[in-house]
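The chain contents come next:
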Amino acid sequence: MDQRPMEFESRFNIKDVTFENVSNEFEKHFRDAYNNSLKMMSDTRNPMDNASGANTLGILEQMAQRIESYDSSTDFERSYQDLLEEYRRFTET
């Protein structure tokens, strides 16, 4: 099996996300998760790391689309886990 890194074309750009409604802590966790997911996708030849980074980026993209419904009391980790749970049914085999 060929072990080339996966290639992704990102449509999601963190510069387009407005963090006005959320706390600074939420924004920091979001930015850290975004940067870590990009790093996992680009810095490794391990397909599992690539896929994990892509999955995280997908969840963050969904969070960004819903960010207007969040407020300063919204917990990043809880929101992230809620989305993982919501999309779990689409990933189970």
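Right, let's walk through the structure included here.

About the thresholds
- Residues numbered from 1 in each chain as written.
- Predicted model: local features only at pLDDT ≥ 70, side-chain atom pairs only at ≥ 80, totals over all residues.
- Heavy atoms only, no water.
- Helix = DSSP H or I, 4+ residues; strand = E, 2+ residues; numbered from the N terminus.
- Buried < 20%, exposed > 50% of the residue type's maximum accessible area, 1.4 Å probe, protein only.
- Contact = heavy atoms within 4.5 Å.
- Expected span 1.5 Å × (residues − 1).
- Core = buried A, V, L, I, M, F, W, Y, C linked by side-chain atoms within 4.5 Å.

## What to know about the environment of Phe 30
Tracing the backbone through its elements, the reader meets Phe 30 in helix α1 (residues 24-42). Assessed through its relative accessible area of 0%, Phe 30 is described here as buried. For Phe 30 and Glu 77, which are 47 residues apart along the polypeptide, the C-alpha to C-alpha distance reads 9.1 Å. Residues in contact with Phe 30, not counting those within four places in the same chain, are Phe 12, Ile 14, Phe 19, Leu 60, Met 63, Ala 64 and Phe 76.

## Points about helix α2 (residues 47-66)
With 20 residues, α2 should reach 28 Å at 1.5 Å per residue; the first-to-last C-alpha distance of 29 Å fits that figure. Within α2 the residues assigned to the buried category are Asn 50, Gly 53, Thr 56, Leu 57, Ile 59, Leu 60, Glu 61, Met 63 and Ala 64.

## Notes on the nonpolar core
Core analysis: the largest hydrophobic core is formed by 20 residues, its most contacted members being Phe 12, Phe 26, Phe 30, Leu 60, Met 63 and Phe 76. Looking at this core, the elements with two or more residues in it are α1, α2 and α3 (76-91). Here Phe 26 is in contact with Met 63, Ile 67, Tyr 70, Thr 74, Asp 75, Phe 76 and Ser 79, once residues within four sequence places are set aside.

Everything listed here is a matter of coordinates, which is why it stays silent on function.
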